[in-house]
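Listed below are the residues making up each chain.
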Amino acid sequence: MKAREIRKKFLEYFQEHGHAIVKSSSLIPHDDPTLLFTNAGMNQFKRCFLGEEKRPYTRATTSQKCMRAGGKHNDLENVGYTARHHTFFEMLGNFSFGDYFKEEAIQFAWEFLTEHMGLPQDKLYATIHEGDAAMNLGPDQEAEGFWKRFLPEGRILKFPTKDNFWAMGDTGPCGPCSEILIDQGEAMGCGRPDCRPGCDCDRYLELWNLVFMQFNRTEDGVLHPLPKPSIDTGMGLERIAAVIQKVPSNYDTDLFAPMMEAIGALSGLRYGTDPEKDASFRVIADHGRAAAFLIGDGVLPSNEGRGYVLRRVIRRALRHGRFLGLDRPFLHQVVVAVMESMADTYPELLENKSYITKVILHEEERFSETLDHGLRLLQNEMNRLRDEGSHTVPGELIFKLYDTYGFPIDIVTDMARKMGMQVDEAGFEDRMEKQREQSRKHWKGSGEREISKAYRSLASQGVRTEFVGYEQLEAQARVL
Ligand code: ATP
Ligand code: MG
Ligand code: MG
Ligand code: MG
């Protein structure tokens with residue numbers, strides 16, 4: 001079954017059970033300063049959970065574009081090295097806004113996975129929240145009771161708050177959760193004798209998280225009960241696709257095949273032949289996909305916030321391109337495979353093809369000049385450190401690479417990983433903070449107030465502006 005068919009079956013299953021199919025929201029959260037990127041299906045419904053907004057439905061289902069790089073949920077450095085993590089991914093979800101609760105949520109998930117996706121019942125596990133005295137919450141016996149209808153006791157496991165209490169960010173809707181895992185067999189595991197569900201390796205794959213939304217956490221850390229208990233679930237499309245397609249990783253599914261082919265064609269190498277090079281294939285495929293979607297949703301590379309995350313993913317992909325011998329701009333070509341293969345679900349990508357490729361090419365050209373200098377310097381320094389018996393890349397060096405060559409820290413981390421070395425992240429952060437302080441001292445105001453005042457006065461005279469960023473990189477607005 002192709003991923004697109006799984007996506008469709010999921011949405012249709014929930015539609016048949018009274019859910020409205022709602023379109024994915026943008027990767028840039030609308031009107032929510034607490035979030036860097038949309039990181040889960042529930043984001044666009046935050047106000048529904050809080051009881052601040054009423055919609056014409058109380059049940060919804062989505063396939064949501066998500067980005068987990070930076071912010072509370074950050075998987076950037078897992079990418080390439082686990083079979084199951086991406087920066088950009090699609091989350092399938094069903095939601096109840098004060099409608100059904102635990103019983104139906106568990107029933108739906110079980111029925112969909114075992115009857116509609118045909119997953120083997122004897123390989124599935126469920127986890128529940130073991131309770132938390134600090135939150136005044138007992139073990140989730142209710143969820144446990146519902147799971148007992150489907151699973152033997154030994155495959156219902158209790159986990160602490162760290163794993164089984166879900167929160168969108170430091171504030172906002174949250175609640176205990178129940179996750180469904182599938183045992184993919186020993187061959188997928190880490191081989192440690194204590195490898196069991198909850199292990200960090202890929203054997204017991206977390207497929208689906210059912211969140212029992214019960215609280216709103218405010219800035220003071222206090223949990224306020226929501227007006228009505230609700231349901232928020234999320235299942236990674238790429239993960240369920242890997243399981244259904246019986247392949248060892250998300251990157252071996254049909255979702256990634258066109259990108260792996262494109263990278264193979266450009267580099268003359270083949271995915272699946274060399275574990276180290278495969279990691280680079282995965283990083284490039286993932287980051288290229290993320291870059292295409294981010295730019296499609298209006299993000300541009302910059303030195304802060306969302307734009308910096310975009311810059312980081314593009315630069316990290318370029319660095320991995322070098323590992324594959326790709327030393328000329330290539331990423332803007334790889335992303336065409338993303339756009340074409342996702343065009344039926346996300347037609348806006350292909351519509352913005354020339355804009356997206358242009359932005360990526362521009363960033364590639366800008367960075368390649370300095371990438372090689374920086375890499376040479378880093379390699380020499382690491383060799384020297386190793387000869388001196390040190391296993392840590394100092395924060396000062398990481399800062400210099402960042403400041404002079406525009407190296408995001410993850411490029412250094414990747415290189416260090418290959419040499420079996422650590423990075424002094426705290427030292428780097430320290431140095432960054434000092435720089436921030438310096439610039440705060442010298443900051444004379446950005447003039448934004450004046451600019452917005454000028455805009456407002458023009459607007460009051462009937463002057464409108466039009467976004468022209470899709471055709472032009474430099475000028476962002478044209479006065480009509
Ligand atoms: P993990 O423990 O594997 O990092 P998570 O507990 O952080 O996952 P949730 O926040 O519960 O993930 O998100 C719901 C679902 O979204 C997960 O069960 C998984 O199927 C999927 N998912 C989460 N993070 C990623 C990711 N980085 N890449 C792909 N799918 C993901
Ligand atoms: Mg995670
Ligand atoms: Mg988890
Ligand atoms: Mg989870």
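The rules behind the values
- Residues numbered from 1 in each chain as written.
- Chains lettered and ligands numbered in written order.
- Predicted model: local features only at pLDDT ≥ 70, side-chain atom pairs only at ≥ 80, totals over all residues.
- Helix = DSSP H or I, 4+ residues; strand = E, 2+ residues; numbered from the N terminus.
- Rg over C-alpha atoms; globule rule 2.2 N^0.38 Å.
- Buried ≥ 20, exposed ≤ 12 C-beta atoms within 10 Å, placed from the backbone.
- Contact = placed C-beta atoms within 7 Å.
- Near = placed C-beta within 6 Å.
- Domains from an automatic or database assignment.
- Nonpolar A, V, L, I, M, F, W, Y, C, P; charged D, E, K, R; others polar.
- Pairing = 2+ DSSP bridges.
- Axes fitted to C-alpha atoms, helices over the stretch in contact; angles between N-to-C directions.
- Parallel < 35°, antiparallel > 145°, perpendicular 65-115°, else oblique.
- Left-handed = near helix turned anticlockwise from the far one by under 90°.
- Expected span 1.5 Å × (residues − 1).
- Core = buried A, V, L, I, M, F, W, Y, C linked by C-beta atoms within 7 Å.
- pLDDT = per-residue confidence, 0-100.

Below, the discussion takes up the overall build of the protein chain. When helices and strands are counted, the protein chain shows 16 helices and 13 strands. For the protein chain, whose C-alpha radius of gyration is 24 Å, the value lies close to the compact-globule estimate of 23 Å for 480 residues. Counting the 480 residues in the protein chain, one finds 39% classified as buried. A fraction of 69% describes how many contacts in the protein chain between residues 6 or more apart in sequence connect residues 24 or more apart.

The environment of ligand 1 is formed by 17 residues, the closest being Asp75, Phe89, Asn209, Gly234 and Gly236. Going through the elements one at a time, strand 3 (88–96), strand 8 (204–217), strand 9 (223–236) and helix 6 (237–244) are the ones with two or more residues in the shell around ligand 1. In terms of residue count, the dominant contributor to the shell around ligand 1 is strand 8 (four residues).

We now examine the domain arrangement of the protein chain. Per the domain assignment, the segments of the protein chain are domain 1 (3–244), domain 2 (256–389) and domain 3 (448–479). Inter-centroid distance (C-alpha atoms) of domain 1 to domain 2 is 29 Å. Every contact between the two is made by 16 residues of domain 1 and, on the other side, 17 residues of domain 2. For the side of domain 1 that touches domain 2, the residue count by class is nine nonpolar, five polar and two charged.

What follows deals with the pairing of strand 2 (residues 59–67). Buried residues dominate strand 2, accounting for eight of its nine residues. Sheet topology places strand 2 next to strand 3; nine bridges connect them, and they run antiparallel. Counted as the bridge partner of serine 63 is leucine 92 from strand 3.

The phi dihedral of asparagine 136 falls on the positive side, at around 65 degrees, and the residue is not glycine. Structurally, asparagine 136 can be placed in the loop between strand 4 (124–129) and helix 4 (141–147). A positive phi angle is found at lysine 246, which is not glycine, with a value near 55 degrees.

This paragraph deals with the packing of helix 13 (residues 395–405) against helix 15 (residues 425–441). Here helix 13 crosses helix 15 at 55 degrees, and the two axes come no closer than 7 Å. Between helix 13 and helix 15, the crossing angle belongs to the class labelled oblique. When the axes of helix 13 and helix 15 are compared, the crossing they make is right-handed. Within the contact between the two elements, helix 13 uses Gly395, Glu396, Ile398 and Phe399 and helix 15 uses Ala426, Gly427, Phe428, Asp430, Arg431 and Met432. Split by residue class, the contact of helix 13 with helix 15 holds five nonpolar, two polar and three charged.

This part is about helix 8 (residues 275–296). In this model helix 8 runs 32 Å from its N-terminal to its C-terminal C-alpha over 22 residues, within 8% of the 32 Å that 1.5 Å per residue would give. Along helix 8, 17 of the 22 residues are buried, which leaves the element largely enclosed by surrounding structure. One or two positions beyond helix 8, positive phi appears at glycine 298, with a value near 105 degrees.

Turning next to the pairing of strand 9. Bridge analysis of strand 3 against strand 9 gives four bridges, and the strand direction is antiparallel. The partner of phenylalanine 95 across the bridge, within strand 9, is aspartate 232. Counting the residues that bridge the hairpin from strand 8 to strand 9 gives five residues, and of these glycine 221 lies at a positive phi of roughly 85 degrees.

What follows concerns the environment of glutamine 333. Of note, glutamine 333 is situated in helix 10 (residues 331–341). For the pair glutamine 333 and isoleucine 263, spaced 70 residues apart in sequence, the C-alpha to C-alpha distance is 8.9 Å. Contact partners of glutamine 333, with chain neighbours within four places excluded, come to Ala262 and Leu266.

The next point concerns the packing of helix 1 (residues 3–16) against helix 6. Two numbers describe how helix 1 lies on helix 6: the axes approach to 10 Å, and their chain directions differ by 115 degrees. Taken together, the axis directions place helix 1 and helix 6 in an arrangement best described as roughly perpendicular. Pair helix 1 / helix 6 crosses with right-handed handedness. The residues of helix 6 that touch helix 1, namely those facing Ala3, Ile6 and Arg7, are Leu237, Ile240, Ala241 and Ile244. Split into classes, the residues belonging to the contact of helix 1 with helix 6 amount to six nonpolar, no polar and one charged.

Now for the nonpolar core. Within the largest apolar cluster, 103 residues are counted, with the highest numbers of intra-cluster contacts made by Ala109 and Ala291. Take this core: its biggest share by element is ten residues, from helix 8. Counting contributing residues, this core receives three or more from each of domain 1 (3–244) and domain 2 (256–389). Other than its neighbours up to four places away in sequence, alanine 291 contacts Leu310, Val313, Ile314, Val335 and Ile360. Val393, Leu397, Ala416 and Val423 belong to the second-largest nonpolar core, a separate cluster that totals 14 residues.

Here we take up the confidence of the model for the protein chain. Mean pLDDT over the protein chain stands at 90; residues scoring 70 or higher make up 92%. In this model, residues 445–449 is a region of pLDDT below 50 whose contacts with residues beyond four sequence positions or in other chains number zero contacts. Ignoring residues within four places in sequence, the model shows residues 473–480, a span with pLDDT below 50, making 17 contacts including any to other chains. Scoring the predicted complex yields pTM 0.87 and, for the interface, ipTM 0.99.

Counting buried positions along helix 10 gives eight out of eleven residues, so the element sits mostly inside the fold. Among all positions of helix 10, only Leu331, His332, Val334, Val335, Ala337, Val338, Met339 and Ser341 are buried. Buried-residue contacts for helix 10 involve helix 7 (257–267), helix 8, helix 9 (305–323), helix 11 (347–351) and helix 12 (353–387).

Moving on to the environment of glutamine 107. Its location among the elements puts glutamine 107 in helix 3 (residues 102–116). Note on glutamine 107: 15 C-beta atoms within 10 Å, which makes it partly exposed. Between the C-alpha atoms of glutamine 107 and arginine 149, which are 42 residues apart in sequence, the distance is 9.2 Å.

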